[in-house]
Amino acid sequence: MVELTRSLRRTSGSVGSEANALPQGVIVTQKNPVQRNPWRWAGALLIALVIGLINLLVWRAFNPPLAAPDVPARIGGLAYNGFQRWDSPLTARFPDDAALKADLAQLAPLSQRLRTYSASELPNLPGLAAAQGFKLTAGVWLDKRLANNELELAAIITASRQHPVIERVIAGNETLLRDEMSLAELSAYLDRLRATLKVPVSTAEPWHVWLKHPELADHVDFITVHLLPYWEGLPVEQALDYALARYAEVRERFPGRKVVIGEIGWPSNGDRRAASEATPDNQALFVRQFLARASRLDLDYYLMEAVDQPWKHATEQAVGAHWGLLDADRQAKFAFTGPVQADPYWQGKAVLSSLLGGLALLPFLLAFAPMRLAGRLMFGLSLQAVASFFVLLAALPLAHYLRPLDMVFLILLVPALIMMGMILLVQIFEFAELYWPGSLQNQVTLQPLASDAPAPLVSIHLACCNEPPDMVIATIDSLLALDWPAFEIVIVDNNTSDTALWQPVEAHVAACLVAGVKAGLRFFHLPQWPGYKAGALNFALEQTDPRAAWIAVVDADYLVKTNWLRALGGYFSDPTIGVVQSPQAHRDWSQNTLSRMMNWEYDGFFRIGMHHRQERDAAIQHGTMTVIRASALRSVNGWETACVCEDSELGLRLVKQGLRLVYVDEVLGSGLVPTDFAAYQRQRRRWAQGAMQILRTHRQALFGRSRVSLSLAQRYHFVAGWLPWIGDGLHLLFSLAAILWTLGVLLAPETFGLPIALFVVPLAVFFVIRLLLTPLLYHRRVACSPSDVAGAALAGIGLSHSVARGVLAGLFSKYSVFTVTRKGIGNRSLPTTRAFNSVRDEAALLVGLVACIGALGLQPTNESDLARFGWMLALSLQALPYLAALLCASLPGEKNADACGQP
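Residues numbered from 1 in each chain as written. Predicted model: local features only at pLDDT ≥ 70, side-chain atom pairs only at ≥ 80, totals over all residues. Heavy atoms only, no water.

## Examining helix H17 (residues 532-543)
Residues lying three or four places apart along an α-helix face the same way, a consequence of the helix completing one turn every 3.6 residues. Look at H17: 17 Å from first C-alpha to last across 12 residues, which is about the 16 Å you get at 1.5 Å a residue. Turning to H17, its buried residues are Lys533, Ala534, Gly535, Ala536, Leu537, Asn538, Phe539, Ala540 and Leu541. Contacts made by the buried residues of H17 are with strand S9 (458-464), strand S10 (487-494), strand S11 (520-526), strand S12 (550-554), helix H20 (630-635) and helix H21 (646-656). (Helix = DSSP H or I, 4+ residues; strand = E, 2+ residues; numbered from the N terminus. Expected span 1.5 Å × (residues − 1). Buried < 20%, exposed > 50% of the residue type's maximum accessible area, 1.4 Å probe, protein only. Contact = heavy atoms within 4.5 Å.)

Here's what the structure looks like:
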């Protein structure tokens, strides 16, 4: 706790103060203020307790006690299948006699009458039932397998002769409903059995089949009717009255005939069917209400069913597994007296989630006591919600009978859900700290060089590759106009083969020298040079005047303000500061829709993300408008040529040396946005790939034990800042998996089921919250209109696939290429037809997702509507980034006609 708090928030104060002016590597040990501030502990505990109480109340709200009639735990009859958790008649895996004997012993106190479904599958069951005092209505399974039908008939004839415990026989179970045979064929089997057996014979069908085929009654000794209002989409409040009304209708249609209810019940889990919800509380309500009515009406019935049968998932979807009074582990699902609970275990889950949430939240509340109360409450509630979700997720195997394929899906999905939870909390933390003014304690402003301080020599490095010469010349001219007494400009053009691009720049430099410019000005052309931009900057460092104290770096499209160096120079009086930088700003974007969207999307990071990082001395270094202490740059051997994000990588190495990076949010120069969406995509893909390279290369310093002086907060920001990009990578993988899974649902429904709500809901919540937080923060932190906020959001979402490709390449590929971003005069945007080439992947994924949505929409509307529509919604959300990419690609890019204008 002590180390965590000290790491997360450094002592704030004015930059350059005596407290900060310490030799590199010196670590200050001080008493933790948390330990000596009991009020901070009291406040943190109070907030944690309030949030924990809110969590308990929310759990209670979702699990209210429901009134139901108390009934004796004695049931007229039970439908019984003896298959255990992993048994199945579909795979010929049957329970042994020991398992059946244990079942019967457990069921005996509940009922003395059982109904079975097959005579040949469990031939020893009648004898075992007789030993426990049961009476059996024995089942005969009939279907299209003629040979198996004969086996069933032979088995029941033998069993009925050997076991007087069999008092009735039901031959065929919903045989006509499932269209297994014709009425005449079924009637023939029934007539054979009636002629052979000495006990009454019937067949079981739903009520409407008996009304449709009244002639079937001529071939049975009694009528067995199924009353399962769940399958008819009735709400549970109306279900029992409806079922009994259908029972009365059948009795009225067949006056004087005995009518037995062969199945009646309600499932405890599974897909919603119209207004029918399969939940534990609905099952308990229906069963207890029915038992109370059945006792008064003296009904002959078999409750559906004794024990859950997970194997039925293959034939009746998920709901088929959950009709039992006992679960597959033979545990009672509900009590026959007292209030009914939606989740019988909700109190334990609620307490556990509150404890987990409180333990995770307390360190945060102690460390971030200065944060505004609204921000702490928001983050605390979000953290508590995530804790509750993962408690539900951990209990998932207890509430659902997951098949091996489901377990594989769960094993693959859980790490992704954990990552999603982390990403969501990271973004909520950023929102909580930045949305409400007053939480930030370590923000900085311009700090000009003192009037009496000597101005050191500055070496300005300008790397370019295949850039429009007029754009580069405009940058050089803006640098020559700097208000600084001593500086040099080292221009390195590397790997440009077209002489029309680099020779005009060389000629301009020569003309400036002839004109007698005061600054040192040198131009180098390197036809073939390794290391991308980092290689060129390292070459520039080698050519740098050894007297230079600072190295300033700008991109080839930037026009700087004359006071750039002077406005920031005062920071370097503090020897612990290694880098001072101002934001990447842009110009000439206002008259083009796509350029406007890109500008505001960039701007969000510098108004939001960089302030969040600056708060804990964890600002990331960007590659332009940055001033570096020359000795620090040389001490770490310059720029890393193996990384395509050499700027961020250098910043991390400098921080590891104990130096600070300062971000001053004051525009001191402006560049150009990419010429079109394709260039925008390539730039972001490179950034994402470079970020993953950094995580791989510096994993020990960021994740493991390391001697480098990275605080916990700095580690957090370097990792958490890139988690949303990892989220884009997960989005791509999930989109592909979702398409494949949907194809499985459509083509092999017996194997693939629709994902349960616990999987689908967090995906939707994750996406929606990310969509909401960004516009709200933009509204508070970025000076743009609502339409510009929407445009920035569209542009950012449209980059998702490009970022995903960069993430996967950075994590799993050793191959990388530094792609120069097209900008400026001479770099015209691509024609629309060619521009769409850059979004071919997105178009293919969009088509695949839309096709899956359409195919699901064409499914019969009476099948698992809620689960199906929920999955269609999830697929729609997955498709949004790909649609956004196509929309952005359809917009023409900026011509950058004013690339040489003033900043």
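There is more to say after this.
## Points about the side chain of Asn592
For Asn592, the location among the structural elements is in the loop between strand S15 (585-586) and helix H19 (593-614). For Asn592, the side chain forms a polar contact with the main-chain nitrogen of Leu594, separated by 3.1 Å. (Polar contact = N/O pair within 3.5 Å; in protein donor to acceptor, adjacent residues only side chain to side chain.)

## Quick word on the pairing of strand S14 (residues 577-581)
Within S14, 5 of the 5 residues are buried, which leaves it mostly tucked inside the rest of the structure. Bridge analysis of S14 against strand S17 (residues 660-663) gives 4 bridges, and the strand direction is parallel. By the bridge assignment, Val580 is partnered in S17 with Val662. Bridge count between S14 and strand S16 (residues 626-629): 3 bridges; the pairing is antiparallel. Its bridge partner being in S16, Gln581 is matched across the sheet by Thr626. (Pairing = 2+ DSSP bridges.)

## With respect to the packing of aromatic side chains
As enumerated under the stated definition, the model contains 35 aromatic pairs in all. Here Phe606 and Tyr663 contribute two aromatic rings whose centre-to-centre distance is 6.3 Å and whose plane-to-plane angle is 35°, an arrangement assigned as tilted. Linking Phe606 in helix H19 with Tyr663 in strand S17, this pair joins segments that are 57 residues apart in sequence. This pair shows no difference in class: Phe606 is buried, exactly as Tyr663 is. Here a set of aromatic residues connected by ring pairs shows up, and it is made of Tyr230, Trp231, Trp266, Phe286 and Trp323. Over the ring of Trp207 we find Arg246, and its NZ or CZ is 5.4 Å from the ring centre. One residue, Arg253, lies across the ring of Phe254, its end atom 5.4 Å from the ring centre. (Phe/Tyr/Trp six-rings, centres within 6.5 Å; stacked < 30°, edge-to-face > 60°. Lys NZ or Arg CZ within 6 Å of the ring centre and 35° of its normal.)

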